[in-house]
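Breakdown of the fold
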Amino acid sequence: METSSLGDTGVEVTRFVYGAGSIGGIGSAAATRGLGIDGVDGLRRLSEAYDLGIRTIDTADSYGGGESERTVGRWLAEEPHDDVVVLTKVGGRVRPDQPDIDLSGPHVERQLAESIRRLGRVDLYLSHAPDPRTPIEETLTAFAVAREAGLIRAYGVSNVDAALLDAILDVAAKRSLPRPVCVQNGLSLLNRADERDLLPLAAAEGIGYLAYSPLAGGVLSDRYLDGAAPAPGSRIALAGDRYYAGMHSADNLTRVGALRDLARDNGISTAGLALAWLLAHPAVTAPVVSPSTEAQWQAVREAAGADLDDTLFAAVSAVFR
């Protein structure tokens, strides 16, 4: 699978990133812990991603109460996977007494040590979300110390807006601290807010962009069309209000129906076309995907093999203007 370089770090990420956020739970929330896939299935999914050519794994210290990192670590230790880039995130709640997000220097140092213990190594280290209590300089200094010590290769940021990214870059420049090499935010045909300000800023600054929730919890497939209700155990059924608020709506499903028509006309699945649109997006480095069925993996294969021309890219974009 093709790769893209993140800045001048030498870190290469594949066109797709495998997201391990459903191992041990769905995301970080305690309320959804245990609702995702277990460790055994998680190992299978990681191997399926590897067999497809995906060489970048995304996790976080808070996913599934740490089970996601532990499972990824077991998989990495089972057989040589030196060609895999390991990405994890810090800041999410991992202690009962912790504020919602903690990016203080001591927390970053402590959690990085814990993530390395679970995973074996950390290549890319991302802040999970903004922390209004901690000065930006303190967080960037903690990342710089970790990089200088050889504990990480580079760092990035997640769930930031353009104003915060601009502030982070400003602090890095004024304090001679390393810059973030990537942003990981939610982006899909149903969530295009970053196209206005953040994507142009990241592109202008040479910062990579990893798009999570590329199928909006599965809404950007045909599984919810023609009156089909969310199946028990699906992400929309289990965590729709928490992670995909507003995605499963009548208006959106009408748009997805139009996407299905375009997909049929071009010999690709609905989900495959939605993913292919992201791959063709000039400001997107890679989507983060978490397939759990053969049909979902097939959509990834279709997207990887698709070649959207400007006309089809524009037609898809127009449906979700």
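Here, the structure is the one placed above.
Heads up: these notes are all about the structure in this document.

Definitions and cut-offs
- Residues numbered from 1 in each chain as written.
- Predicted model: local features only at pLDDT ≥ 70, side-chain atom pairs only at ≥ 80, totals over all residues.
- Heavy atoms only, no water.
- Helix = DSSP H or I, 4+ residues; strand = E, 2+ residues; numbered from the N terminus.
- Rg over C-alpha atoms; globule rule 2.2 N^0.38 Å.
- Contact = heavy atoms within 4.5 Å.
- Areas by Shrake-Rupley, 256 points an atom, 1.4 Å probe, with all protein chains shown as cover.
- Lys, Arg positive; Asp, Glu negative; His and termini not counted.
- Charge placed at Lys NZ, Arg CZ, Asp CG, Glu CD.
- Pairing = 2+ DSSP bridges.
- Axes fitted to C-alpha atoms, helices over the stretch in contact; angles between N-to-C directions.
- Buried < 20%, exposed > 50% of the residue type's maximum accessible area, 1.4 Å probe, protein only.
- Arc of directions from axis to C-beta.
- Polar contact = N/O pair within 3.5 Å; in protein donor to acceptor, adjacent residues only side chain to side chain.
- Right-handed = clockwise from strand over helix to strand, strands pointing away.
- Parallel < 35°, antiparallel > 145°, perpendicular 65-115°, else oblique.
- Left-handed = near helix turned anticlockwise from the far one by under 90°.

**Describing the overall build of the chain**
Each helix and strand in the chain was counted, giving 11 helices and 10 strands. Since a compact globule built from 321 residues should have a radius of gyration of about 20 Å, the 19 Å found for the chain is in line with a globular shape. The principal-axis extents of the C-alpha atoms in the chain amount to approximately 55 × 40 × 35 Å. Residue pairs in contact within the chain that sit at least 24 positions apart in sequence constitute 75% of those at least 6 positions apart. When the accessible area of the chain is evaluated, it comes to approximately 13700 Å², of which 48% is carbon and sulfur surface. Put simply, the chain has 30 plus and 43 minus side-chain charges, and the middle of one group is 4 Å from the middle of the other.

**A few points about the sheet that holds strand β9 (residues 208–212)**
A barrel is described by the order of its strands in space; here eight strands give the closed sequence β3-β4-β5-β6-β7-β8-β9-β10, paired in parallel fashion. Across the sheet, the mean angle separating the axes of adjacent strands is 25° when strand polarity is ignored.

**As for helix α11 (residues 310–319)**
Buried within α11 are the following residues: L312, V316 and S317. For α11, the arc enclosing every buried residue in end-on projection is 135°, short of the 170-degree limit, so these residues lie on one face. Turned more than 90 degrees away from the buried face of α11 sit D310 and T311, all of them exposed. Elements in contact with the buried residues of α11: α8 (250–265) and α9 (270–280). The opening residue of α11, the one whose side-chain oxygen lies 3.2 Å from the backbone nitrogen of T311, is D309.

**Looking at the environment of D8**
Residue position: D8 is located in the loop between β1 (3–5) and β2 (12–14). The class for D8 is exposed, based on a relative accessible area of 78%. The spatial distance from the C-alpha of D8 to the C-alpha of G206 is 9.3 Å, given a sequence separation of 198 residues.

**What about the pairing of strand β6 (residues 124–127)?**
Burial along β6 is two-sided: the residues L124 and L126 and Y125 and S127 are all buried. Note that strand β5 (residues 85–90) and β6 share four bridges and pair parallel. In the strand pairing of β6, T88 is matched with Y125. With helix α4 (residues 136–148) bridging β6 and its parallel neighbour strand β7 (residues 154–158), the resulting β-α-β unit is right-handed.

**Thoughts on the packing of α9 against helix α10 (residues 294–305)**
Their axes nearest at 8 Å, the elements α9 and α10 cross at an angle of 45°. As judged from the angle between their axes, α9 and α10 are oblique. Handedness of the crossing formed by α9 with α10: right-handed. Touching A271, G272, L275, A276 and L279 of α9 are A299, V300, E302, A303 and A304, all from α10.

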